[in-house]
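Structural features, examined
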Amino acid sequence: MSVLSIVTYPDPILEQPCAPVTAFDRRLGRLLDDMYETMLAADGVGLAAPQIGVAEQIAVIDVGDEHGRIELINPVVIEARGEQVDVEGCLSFPGLFGEVPRAKFVKVRAQNRRGRPFTLSATGFLARALQHEIDHLHGVLFTSKVIRYCDLEELEG
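Residues numbered from 1 in each chain as written. Predicted model: local features only at pLDDT ≥ 70, side-chain atom pairs only at ≥ 80, totals over all residues. Heavy atoms only, no water.

The three strands are arranged β4-β5-β8 in an open sheet whose pairing can be described as antiparallel. The open sheet is flanked by β4 (84–88) and β8 (148–150), the only strands paired with a single partner. Taking the axes of each pair of neighbouring strands and ignoring which way they run, one obtains an average angle of 35° across the sheet. Pairing of β4 with strand β5 (residues 97–102), which is carried by five bridges, proceeds in the antiparallel orientation. Pairing of Asp 86 across the sheet is with Val 100, part of β5. Taken strand by strand, helix α2 (residues 124–137) contacts β4 and β5, and its axis lies near 65° from that of β4. (Pairing = 2+ DSSP bridges. Helix = DSSP H or I, 4+ residues; strand = E, 2+ residues; numbered from the N terminus. Axes fitted to C-alpha atoms, helices over the stretch in contact; angles between N-to-C directions. Contact = heavy atoms within 4.5 Å.)

Here, the residues flagged by UniProt with the feature "active site" (unreviewed entry) are Glu 133. Tracing the chain through its elements places Glu 133 in helix α2. Exposure remark for Glu 133: the relative accessible area of 5% places this residue in the buried category. Setting aside chain neighbours within four positions, we find Glu 133 in contact with Gly 46, Leu 47, Ala 48, Gln 51, Ala 59, Val 60 and Ile 61. (UniProt positions renumbered as here; feature names shortened; annotations may be inferred. Buried < 20%, exposed > 50% of the residue type's maximum accessible area, 1.4 Å probe, protein only.)

If you want it as structure tokens, here you go:
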């Protein structure tokens, strides 16, 4: 596995919609492994393919809960309910944090690395991470949803 370079804003790939994945092959498996390794090395909880310069609908998430490592290929939010507002950051915006409203509950349909479909329901922090990463795959950045930016002192307090 390799740790890849993370693309930072204002790289245009971050705001472009990604292509669906059609080949579920060794390349995809290696990419998922490298993305996970990169996310961990950067101390992140999620990473989308455009953040490493790949315009494909691929994301990895691990919020440290019972779900562990989640790999999402061609994910779609099929249900969303409620609202939560909390602080988010992004590996492509180092040092930038803001309060973002998100659905409190989401149900996501995606494919795994072998192309098999699955659904995942989530609340709280995992729901937030899923929405953040799926937004990346559509070229939507968390900065477009921030209602208030936070400074570092606030976050440490």
